[in-house]
Amino acid sequence: MSAKIDPITRSVVQHRLSSVVAEMGEAMLRTSYSQILNSSRDFSAAICDTHGRLIAQADHIPVHVGALPWATLAVEKRFKDVRPGDVILLNDPYHGGSHLPDLTAFVPIFHGEQRLYWTIVRAHQSDIGGATYGGYNPTATEIWQEGLRIPPIKLYEAGHLRDDLLDMLALNVRNARDFRGDLAAMVGSARLGERRLARLFAEFGVATVAVAIESMLDAAEQQTRAVVSTWKDGVFYGEALLDDDGRGRNDIRIVAKVTKYGSDIEVDLSESDPQTTSFVNSSHANTQAAVAMAFAYLIDADIPKNSGALRPLRVVTKPGTIVHAEDGMPVTLCTSHPSNEIVEAVVKALAASCPDRAMAGWGRRFRIAIQGENPRTGRKFIWHMFQARPGGGASPCGDGWSSIGEWHTVGGIKFGSIEVDEVRFPLHFRHHEFRADSGGDGQFRGGLGVSLDLVIETEKPATANTAGDGARHGPCGLFGGKDGAPHYYRLVSPGRPPRVLRTKEVGIEILPGDCLEIRSSGGGGWGPPAKRSPEARTRDRVQGLVTDTQAVEREQ
């Protein structure tokens, strides 16, 4: 147990730490260069201590933050000579990274000569080198084909930038200007956190802050155990399926055996299918993050999501499986898939233990990246599609959120302004609205996906690649609720027959004037459809969320 501290001081310190990471995120949003960060917000900020414990995080991307303790431990193992002014980078999934596009910056926090904490920013780069632009390579059979692999390295030493190292990194990505700008934003945001913590130390004293943090972690553990102890004891099983690995291997199983006893939870994923030669494998740190996400979604929302809250949780994996790939295997898709499927399998299992907390499946990721030349500027561009977000799963509390995104982001990634994208890129969003009938039916309906028609306004052919899942299997319904509609994407090109886009392919030729017809998945339904109220069904029809066609099919 931690030393005693009055609850008011603890609360003040806790909220100050939360404000520090939130301000770090605002700095990232306002200073980063690329669309994926300053519009879609694909970044996270956190504070860890030197033992790898997560102290505070902002409401950003859960799959990022859940892996940061493992990244911190990798940094601690690599460097024993950390000094004030150092900045450490990593992205390697086998050194605590998520996937190669997610670059992480660490700034050490000192008080005098004592090193206490790290302020950390993890941000998805618009390109990280490798065989394909945009960071995803469905054809990769090893991690070296996916991009630049960075173990823990020092970008700054005692405040001095290593220009030669930065030049080497920037030379290996396709958009060096954005990369340099985004990296500067990451370092600046982490250093902002450093200044804010120094102010906190000056106001309260380092000893008081340290005691408050220990009390915060203990309190989060106590609150979590109080919740878990009310759940049913037993051994429970859940399973989720990946569509495929893009190489002809279909229905890859994620199997969760969850043992709940008292206030402890063990999640054993050892029976999941073997790893594949495709980028749908997950690294160990990413799997730990996915399980932590699933657990966090089931405990009370107001419990701080720090390492204390995760003390009741134990995760077991087997090396060589799809959820614990061996070093060197490709893993770039892992933050989306199998992360979503891991969450789904764990939630399905625990639905038998805490049915009043479990939610139906959320939509899966189906990303498109386009590379081409902008005729307005003559410059090359890389654009990542964050529009047409899928729907969230329904819960015992109500219908799922429409166009909220996937389970691994839970709304943290935004699709940004359509108008801004049309100004920055040669794109025209001809049609963007909720996709009727996409949410799974149930007592509570799944959130809707989106219908998007996107016209490419280049003057020269462009190239696209896709990375995702969920075109065969829609998000699962729960307790009698129906599955959400799966994704359906196709390319419509004048003079050529339309073709359905697969979730994992490269080298898609897009001609000037071509249209991408995107129909994203809806979330799963919760509870028997017969229990949905007549008022809710009338509202759905009036608002155009459900068509008469679906109503007839349901009645039949």
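It should be emphasised that the depicted structure is a prediction, and the values quoted were computed from it without experimental measurement.

Definitions and cut-offs
Residues numbered from 1 in each chain as written. Predicted model: local features only at pLDDT ≥ 70, side-chain atom pairs only at ≥ 80, totals over all residues. Heavy atoms only, no water. Core = buried A, V, L, I, M, F, W, Y, C linked by side-chain atoms within 4.5 Å. Buried < 20%, exposed > 50% of the residue type's maximum accessible area, 1.4 Å probe, protein only. Contact = heavy atoms within 4.5 Å. Pairing = 2+ DSSP bridges. Helix = DSSP H or I, 4+ residues; strand = E, 2+ residues; numbered from the N terminus. Axes fitted to C-alpha atoms, helices over the stretch in contact; angles between N-to-C directions. Domains from an automatic or database assignment. Buried area = accessible area lost by both parts, 1.4 Å probe. Salt bridge = Lys/Arg side-chain N within 4 Å of Asp/Glu carboxyl O. Polar contact = N/O pair within 3.5 Å; in protein donor to acceptor, adjacent residues only side chain to side chain.

**Notes on the nonpolar core**
In this structure, Leu 17, Leu 183, Trp 231 and Ile 265 are the most contacted members of the largest nonpolar core, which totals 115 residues. Not counting residues up to four positions away in its chain, the partners in contact with Ile 265 are Val 228, Trp 231, Val 258, Thr 259, Lys 260, Phe 295, Pro 312, Leu 313, Arg 314 and Leu 350. Within the second largest apolar cluster, 27 residues are counted, among which are Phe 425, Leu 501, Ile 508 and Ile 510.

**Observations concerning the sheet that holds strand β15 (residues 450-456)**
Read from one edge to the other, the open sheet built from five strands follows the order β14-β15-β20-β17-β18, with strand pairing classed as antiparallel. Unpaired on one side and paired on the other, β14 (427-434) and β18 (496-500) mark the two borders of the sheet. Averaged over all pairs of adjacent strands, the angle between strand axes in this sheet comes to 10°, irrespective of strand direction. Here seven bridges tie β14 to β15, and the two strands are oriented antiparallel to one another. Residue pairing for β15: Phe 429 is matched across the bridge by Leu 454.

**Quick word on the sheet that holds strand β19 (residues 504-510)**
Across the sheet, which stays open at both edges, the four strands sit in the order β13-β12-β16-β19 with antiparallel pairing between neighbours. A single partner strand is all that each edge strand has here, and the edge strands are β13 (380-384) and β19. Strand-to-strand, the axes of this sheet are offset by a mean angle of 15°, without reference to chain direction.

**Regarding the pairing of β18**
Each regular strand shows side chains that alternate between the opposite faces of the sheet. Note that strand β17 (residues 488-493) and β18 share three bridges and pair antiparallel. Directly across from Arg 490, in β18, lies its bridge partner Val 500. Counting the residues in the hairpin turn of β17 and β18 gives two residues, including Gly 495, whose phi is positive at 85°.

**With respect to the domain arrangement of the chain**
In terms of domains, the chain is made up of domain 1 (7-221) and domain 2 (359-556). Between domain 1 and domain 2, the C-alpha centre-to-centre distance is 31 Å. Taken together, the contacts link 22 residues of domain 1 with 29 residues of domain 2. For the pairing of domain 1 and domain 2, the buried interface totals around 1,900 Å² over both sides, and the portion due to carbon and sulfur atoms is 61%. Per-residue buried area on domain 1 facing domain 2 is highest for Gln 35, Tyr 133 and Pro 138; these three make up 36% of the total on that side. Scanning the region where domain 1 abuts domain 2 turns up zero salt bridges. Here domain 1 is connected to domain 2 by eight residue pairs in polar contact (both at pLDDT 80 or more). Elements with a minimum of two residues in the side of domain 1 that touches domain 2: α2 (35-38) and α3 (62-65).

**Some thoughts on the environment of Gly 416**
With respect to the helices and strands, Gly 416 occurs in the loop between β13 and α10 (418-424). On the accessibility criterion, Gly 416 (24% relative accessible area) is partly exposed. Note: C-alpha distance between Gly 416 and Met 385 (31 residues apart in sequence) is 10 Å.

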